[in-house]
Amino acid sequence: MRSYYHKRGKTLDIMDVNQDTVAESLRKYGCCTLIHGHTHRPKLHEFMLDGRPAKRYVLADWKPDGAEVLCWKNNDFQTESV
């Protein structure tokens, strides 16, 4: 409940990670995909990084009535509800 009241007055931008830091981390480790815990904006963010496609998967928070997980299937990541 505290989290709900804390985040309700904030803009969506403040509730997400810094895209420059994402790009810097991907470059540092030679990756094009980042998977991280929820930032109250769960989704797949697709963008270009140095002329190449890159992805950032934001995992949703888990709730008592269900959750979403990221699975590796058919050579790609897919989200599934549980």
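Note: the structure precedes this text.
This structure is a prediction, so every number in the text was calculated from the model and none was measured.

### So, the pairing of strand E4 (residues 68-73)
Then step 1. As paired strands, E4 and strand E5 (residues 76-81) are joined by six bridges and run antiparallel to one another. Bridged to Leu-70 within E5 is Thr-79.
Then step 2. Linking E4 back to E5 in an antiparallel pair, the connection comprises two residues, with Asn-74 at a positive phi of about 50 degrees.

### A look at the sheet that holds strand E2 (residues 43-49)
Then step 1. One open sheet holds the three strands; their spatial order is E1-E3-E2, and the pairing between them is mixed. If you trace the sheet from one side to the other, it starts and ends with strand E1 (33-36) and E2, each paired once. When the angles between neighbouring strand axes are averaged without regard to direction, this sheet yields 15 degrees.
Then step 2. As paired strands, E2 and strand E3 (residues 52-58) are joined by seven bridges and run antiparallel to one another. Of the residues in E3, the one forming a bridge with Met-48 is Pro-53.
Then step 3. Most of the contacts of helix H2 (residues 19-29) go to E2, to which it runs at about 70 degrees, and overall it touches E1, E2 and E3.

Thresholds, definitions, all that
- Residues numbered from 1 in each chain as written.
- Predicted model: local features only at pLDDT ≥ 70, side-chain atom pairs only at ≥ 80, totals over all residues.
- Heavy atoms only, no water.
- Pairing = 2+ DSSP bridges.
- Helix = DSSP H or I, 4+ residues; strand = E, 2+ residues; numbered from the N terminus.
- Axes fitted to C-alpha atoms, helices over the stretch in contact; angles between N-to-C directions.
- Contact = heavy atoms within 4.5 Å.

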